[in-house]
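Commentary on secondary and tertiary structure
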Amino acid sequence: MSEDLLVRAKNLNVKFVSRDATVHAVNGVDFQLAQREVLCILGESGSGKSVTLRAIMGLNPRGKTVVEGELNVCGQDVVGASEAQMSQLRGRQVAMIFQEPMTALDPVFTIGRQIAETIVRHESISYKDALARALDLLELVQIPSAKRRLEAYPHELSGGLRQRAMIAIALSCKPKLLLADEPTTALDATVQIQILLLLRRLQQELGMGVIFVTHDLGVAGEIADRIAVMYAGRFVEEGPVRDVMRAPLHPYAQGLLGATVHAGLRGKRLTTIPGAPPDLRAIAPGCSFAPRCAMVEAACRADLPNLRSPEPGRSARCIHVNEAA
Amino acid sequence: MSNVSTATPDSAGAIVSDPVKSQGYWRGVGKRVMRDKVTLVCGAILLVMLFLILFAPWIAPYDPLQGSMARRLKPVGWQGYLLGTDELGRDMLTRLMYGGRFSWFVGITPVVCAFTIGGTLGVLAGFVGGKINMLIMRATDVFYAFPSVLLAVAISGALGPGIFNAILSMTLVFIPPLIRVSESVTTSVRNLDYVESARATGANSFTIVRVHVLPNVLGPIFVYATTLVGVSMILASGLSFLGLGVKPPTPEWGMMLNTLRTAIYSQPLLATLPGICIFVTSLCFNLLSDGLRNAMDVRN
Amino acid sequence: MFRYILRRIAYAIPIALSVSVVCFLLVHIAPGDPIDSIIPPDTPREVVEQVRKDYGLDKPLPVQYAVWLSRVVQGDLGRSIATRRLVAGDLILAARKTFVLAITAALLGFAVGILLGSTAAFYKGTWIDKACVAFAVAGVSIPHYWLGMVMVIFFSVLMNVFPAMGAGPGDWVWDREHLQYLVLPAITLACIPAGLLTRTVRGIVSEILSQDFVTTLRGKGLRNRTLALHIVKNGAPTILAVMGLQLGYLMGGSILVETIFSWPGTGSMLNAAIFRRDIPVIQGATLVLAMFFVMLNLIVDIMQTMIDPRIVRK
């Protein structure tokens, strides 16, 4: 059963330790991702969503990062894995795309080279054949005049094309799991939609599981099967995309929806969430959202609320949510 | 010492990321310096040295020029001569204290002069731009086309020995890098939005420079200038080692190092003492300026 | 590309000319009548006047410069006041010896600097990093003329393993006998580029390592070998430029080390000339070394453009 899962995280904790302070970026996250499933992790900056994503690939800065709990990715235990084991996993089974393709691509190597080297690394194939595969990949991600672009350097491409090239690199070894770290945030609005549509098509064609990190609810609704809302390093709500979007359970998720512009809200006043996210250097007991929550009670501040599940497939970390009988 | 640009203009420019530095900023800098033990120790060593050389006439045990053939080249610790005597029988400790006055003076003055002249020209070039920028920067390029030591030696050599000539030639060597740094820092500040908006509100150039530009560029230029002091100390003593600085019998570390070269067979430790003074001074200045730069870099 | 090179060369010409102007003026900033700076004081009066005419010293400065430049272009750098020999001939012999010293010191310094600098960057924040940084600061803070003396005391006076002065008998040859003369001055001269390169390489490599694309590369599961290649290609243009500058500085700045070790190069020549106030030699040596530096900068610039795709070639 669990062999079919792409990702299984249990009580995952990630801490950044430095001489001055310890930052608790991820604090006990549980989730699973099945084959071909698209999970969106939603949250504001600093909520720990990118760190969670990087933890899956073991890409948080070495030396300063402490990862605890259970994390199993494509059958490989990531927490105790050596760098050599991880490098087998990375690029082949799991691939990642980033927010800013300009800085995420090596500026002094051609696009073709950056794709081909990944293929050569993971498959016994000559560089020349890898370059031919790279051409196919550029066509797959719909880069016009792909042959010419193989020879191009990142700075010679537009933002949208760069992100497509980034996706081509990620797909070069047909990974089972694609991790996307805000891949549309840095792009123009029109390009955003194109990239999003491309990602959805590729996900379906190649049958990949995807974890998509974003702070943009609209983007999440466009691509996700399930949504997880993250706050202060915890999943505060998780559920199918429709349910969460229509009727969020957690006050924070409700606030997020209230702060977003969408057609259903025409004529209504936008609401904002007062206050600021907590300091992750010192985690207070209780619900992290309590200081900003309108429905706060004494019990919220005393203990961290358990995950409650009002119906199968949905859960939230709030005492106002009633557990299904 | 053959390179005056240990910190590139870029690294100085990186400090200018935060416009209009408030008092809180400087308090933060002070706090960071106070936490940096290496910087504090270096500062303390330099202060002690400064005290010793400033008050040399009152605290030095002997006369720096009075020697005796009877007690030539005595070892360290010999009969009341704490650091021994030199090749003419003069007390080493006394001469090192007096010598430091010239070494420090010839080492620091060119940087101060170059900071004033080069900084002014650079800020002018950066703020005014256009033809004046072109003129100043092209002239700078010419001096950049000389290896710095060579330029100092050549000018000094042509002018002839003397403290004034040494300071003049070294000032000429340090002006170009300071112009480059000040120009690049000023240009980047000038293009910041808040300076643009000050222009848009009709403030005159003088006001903009005084209120918006200078407070933001002086720090980085100053920090860059401090990185030159260590190099300058070595170069100053180097020039007088070559006989281009003070005239004997006036004590100066570089010159003493040269005259003691004959003693390396008989009193090797003694012969290296002036060099140790130069090394420690230059090392402390370099570490101090590193510490200062780290403390001022808002990214840390 | 070709057009860029042409343009870069065209840009170097006014620089070279300005450098020659500065060198020309060296004679004129020397106190007293310039004629005293270029001929010995005991020259008969008629000869003095003849030389004054030949050099056009009775004419206005720009004309003098033109006369001087046309001589220089033909390889005539005048005669030494002290030895009455042609400056150009002696200078070529000396420059060869200086080049041997400078290139050896440069290669040694670059090797040490690149090794320590990249090691420090990879182990940033650890004691290894701190040790490398300490070495770097010491390298740029040490008065190398003093280090030279200390080396002589240890290796020549106390241990007697390397000769203390000179460059060996006759012309320079790369054999055992001559190489032992090279060891001490080369190590002494190498300490500045070693310290500086350690610092620069550490800065550049740690900057590269902090960039997002390194995370991408790690995310692709690349081997360390491939990763290193990426870092090298990203850092090479800047490091190359620094190395070029350093080689130039060593050529032009070896005067103190050459003096300490009596290495018969341009530095010793300059030192002797300063001592005797032999202005034609000072002028000639300065001109040749500065021109070498201009050329070196030109070459480094062109190479940098060739290997760095980020520089837009117009």
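Residues numbered from 1 in each chain as written. Chains lettered and ligands numbered in written order. Predicted model: local features only at pLDDT ≥ 70, side-chain atom pairs only at ≥ 80, totals over all residues. Heavy atoms only, no water.

1. Let's talk about helix α10 (residues 205-241) of chain B
All names here are of chain B. With 37 residues, α10 extends just 47 Å between its outermost C-alpha atoms, more than 12% less than the 54 Å of an ideal straight helix rising 1.5 Å per residue. If you look at α10, its biggest bend is around 50°, right at V213, and the proline P215 turns up within four residues after that. Among the 37 residues in α10, 27 count as buried, and that is most of the element. Remark: G243 follows α10 within two positions and exhibits a positive phi of approximately 85°. (Helix = DSSP H or I, 4+ residues; strand = E, 2+ residues; numbered from the N terminus. Expected span 1.5 Å × (residues − 1). Bend = angle between axes of the 7 residues up to and from the residue. Buried < 20%, exposed > 50% of the residue type's maximum accessible area, 1.4 Å probe, protein only.)

2. A look at the interface of chain B and chain C
Listed as interface residues are 45 residues of chain B and, on the opposing side, 47 residues of chain C. Counting each side, the surface lost to burial between chain B and chain C is near 4200 Å², with a carbon and sulfur contribution of 75%. Taken together, the links from chain B to chain C amount to one salt bridge. Of the charged contacts, one joins B:D290 and C:R199 as a salt bridge, the two residues approaching to 2.7 Å between their closest N and O atoms. Inspection of the region where chain B meets chain C yields eleven residue pairs in polar contact (both at pLDDT 80 or more). For the side of chain B that touches chain C, the secondary structure elements donating two or more residues are α6 (130-144), α7 (148-159), α10 and α12 (268-296) of chain B. Looking at which element gives the most residues to the side of chain B that touches chain C, the answer is α12(B), with 13 residues. Taken together, the residues of the side of chain B that touches chain C sort by class into 27 nonpolar, 13 polar and five charged. (Contact = heavy atoms within 4.5 Å. Buried area = accessible area lost by both parts, 1.4 Å probe. Salt bridge = Lys/Arg side-chain N within 4 Å of Asp/Glu carboxyl O. Polar contact = N/O pair within 3.5 Å; in protein donor to acceptor, adjacent residues only side chain to side chain. Nonpolar A, V, L, I, M, F, W, Y, C, P; charged D, E, K, R; others polar.)

3. Structural notes on the sheet that holds strand β6 (residues 94-97) of chain A
All names here are of chain A. Read from one edge of the open sheet, seven strands run β6-β7-β8-β3-β9-β10-β11, paired in mixed fashion. Taken across any chain shown, the strands that pair with only one partner, and hence form the sheet edges, are β6 and β11 (315-316). Across four bridges, the pairing between β6 and strand β7 (residues 177-181) is parallel. Looking at β7, one finds that M96 is bridged to L179. (Pairing = 2+ DSSP bridges.)

4. Here's the deal with the interface of chain A and chain C
Listed per partner, the contact involves 29 residues of chain A and 19 residues of chain C. Roughly 2100 Å² is buried in total at the junction of chain A and chain C, and carbon and sulfur atoms are behind 56% of that figure. When the buried surface of chain A facing chain C is broken down by residue, A:V108, A:E117 and A:R121 rank first, second and third, together holding 26% of it. The interface formed by chain A and chain C holds two salt bridges in total. When the shortest N-O distance is used, the salt bridge between A:E83 and C:R218 registers 3.6 Å. At the junction of chain A with chain C, the criterion picks out 13 residue pairs in polar contact (both at pLDDT 80 or more). Looking at the side of chain A that touches chain C, the elements with two or more residues in it are α1 (49-57), α2 (83-89), α3 (101-104), α4 (111-122) and α7 (159-170) of chain A. For the side of chain A that touches chain C, the element with the most residues is α4(A), which contributes six residues.

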